[in-house]
Amino acid sequence: MRGQPGTFLAGLARRLTKIKITGLENLAILDQPGPAMIVVNHTTIVDVVVVVGTLHKYGFTVDGSCEKLKKRSCNHRRHIRPIGTSDMWNFPLAKQIVTGSGIIPTNQFNGSSAYRAALTALRNRECILIYPEGDVQINAQASPRPWRRGTTALAKSVAMPIVPIAHHDSRKLGTGSVLRSILQALSRVFKRPTIHLMIGTPIFASEIANFNVSQANDYLEEKFLTLWKKVSALT
């Protein structure tokens, strides 16, 4: 499984959850060449299972380059570079899975190196996946929290489509610390809670071209909140 977190999480998602998806057709924009960004809300560490596992199922993988992993062929629609916590390298199993995957590690207290790496990836016409809230703190409604400006700065720096993905309610899988969340999720293997996931219509660079970063941030936050309200109404 070295370098194949997408493969691992897709298998885990099948065992732990029932995922109801709306808006799959909106992923088609990612088939086009060029830079792109996926933005996702973050309520618990295990919502990564829901989102990344689902994307892998439909051909958008966070696995490392098939060429670098020495696979004979690549059957994926696209490889994605997610920005993920550097804490993953502190757990032996997680480290084994993510090493070589192309995940961009970030420290939630200082994301400058992750920002530079993400900007480089976008300028190299890659697709990144980012959690704009920056951490897994949660409010009572599990609604999206204010974005950190780095996501919007990336959106203003590179002309590209942005694909919003909102989910509700991944708290059914597990909450709290990394270890507690994972243990809770594994304990639900025979219950398989249903999680709703909605893929929104792409947001194009032209929509924020005339905004400054602050205005663009407000615009993107509002668009994402509207999407989340739609998916939360399904539960």
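Above this text is the structure in question.
Residues numbered from 1 in each chain as written. Predicted model: local features only at pLDDT ≥ 70, side-chain atom pairs only at ≥ 80, totals over all residues. Heavy atoms only, no water.

## Here we look at the overall build of the chain
Broken down by element type, the chain carries 7 helices and 8 strands. Considering the chain as a whole, with its 235 residues, one finds that 49% of them fall into the buried category. Excluding contacts between residues fewer than 6 apart, the proportion of contacts in the chain whose partners are at least 24 apart in sequence is 76%. Carbon and sulfur atoms make up 55% of the accessible area of the chain, which amounts to about 11,600 Å² in all. (Helix = DSSP H or I, 4+ residues; strand = E, 2+ residues; numbered from the N terminus. Buried < 20%, exposed > 50% of the residue type's maximum accessible area, 1.4 Å probe, protein only. Contact = heavy atoms within 4.5 Å. Areas by Shrake-Rupley, 256 points an atom, 1.4 Å probe, with all protein chains shown as cover.)

## Re the packing of helix α5 (residues 149–157) against helix α7 (residues 213–232)
Between α5 and α7, the least distance of the axes is 9 Å, while the angle of their chain directions is 105°. By the angle between their axes, α5 is roughly perpendicular relative to α7. In this structure, α5 uses R149, T152, A155 and K156 to contact α7, whose residues at the interface are V213, S214, A216, N217 and L220. In terms of residue class, the contact of α5 with α7 is made up of 4 nonpolar, 3 polar and 2 charged. (Axes fitted to C-alpha atoms, helices over the stretch in contact; angles between N-to-C directions. Parallel < 35°, antiparallel > 145°, perpendicular 65-115°, else oblique. Nonpolar A, V, L, I, M, F, W, Y, C, P; charged D, E, K, R; others polar.)

## A word on the pattern of salt bridges
Across all of its chains, the model carries 4 salt bridges by this definition. With a shortest N-O distance of 2.6 Å, D31 and R77 are connected by a salt bridge. Of this pair, D31 sits in the loop between β1 (18–22) and β2 (36–40) while R77 is found in the loop between β3 (60–61) and β4 (78–85), placing the two residues 46 residues apart along the sequence. Between K223 and E207 there is a salt bridge, with the nearest N and O atoms lying 3.8 Å from each other. Within this pair, whereas K223 is found in helix α7, its partner E207 is found in the loop between β8 (194–199) and α7, the two being separated by 16 residues in sequence. Since its relative accessible area comes to 35%, K223 is described here as partly exposed. For E207, a relative accessible area of 24% puts it in the partly exposed group. (Salt bridge = Lys/Arg side-chain N within 4 Å of Asp/Glu carboxyl O.)

## What about the state of the cysteines?
If you walk through the whole model with that rule in mind, you get 0 disulfides. Lacking any disulfide linkage, C74 is separated from the closest cysteine sulfur, that of C66, by 3.5 Å. (Disulfide = S-S within 2.5 Å.)

## Some details on the environment of I165
Assignment of secondary structure puts I165 in strand β7 (residues 162–168). On the basis of relative accessible area, I165 is assigned to the buried category, the value being 1%.

## Let's talk about α7
Between its first and last C-alpha, α7 extends 28 Å over 20 residues, near the 28 Å set by a 1.5 Å rise per residue. By the burial criterion, the buried members of α7 are A216, N217, L220, F224, L227, W228, V231 and S232. Down the axis of α7, the buried set is contained in an arc of 130°. They therefore lie on one face. Buried residues in α7 make contact with β2, α5, β7 and β8. You can read the cap of α7 off the contacts: a side-chain oxygen lies 3.1 Å from the backbone nitrogen of S214, and it is on N212. (Expected span 1.5 Å × (residues − 1). Arc of directions from axis to C-beta. Polar contact = N/O pair within 3.5 Å; in protein donor to acceptor, adjacent residues only side chain to side chain.)

## What to know about unusual backbone geometry
Positioned with a positive phi, R125 is a non-glycine residue whose angle comes to about 70°. Of note, R125 is situated in the loop between α4 (112–123) and β6 (127–130).

## A word on the nonpolar core
M37, V39, I128, L154, I162 and L220 are the most contacted members of the largest nonpolar core, which has 27 residues in total. By residue number, the principal contributor to this core is α7, which donates 6 residues. Residues in contact with I162, not counting those within four places in the same chain, are M37, V39, A155, T201, P202, I203 and L220. Core analysis: the next-biggest nonpolar cluster, separate from the first, contains 25 residues, V48, V52, V62 and I165 among them. (Core = buried A, V, L, I, M, F, W, Y, C linked by side-chain atoms within 4.5 Å.)

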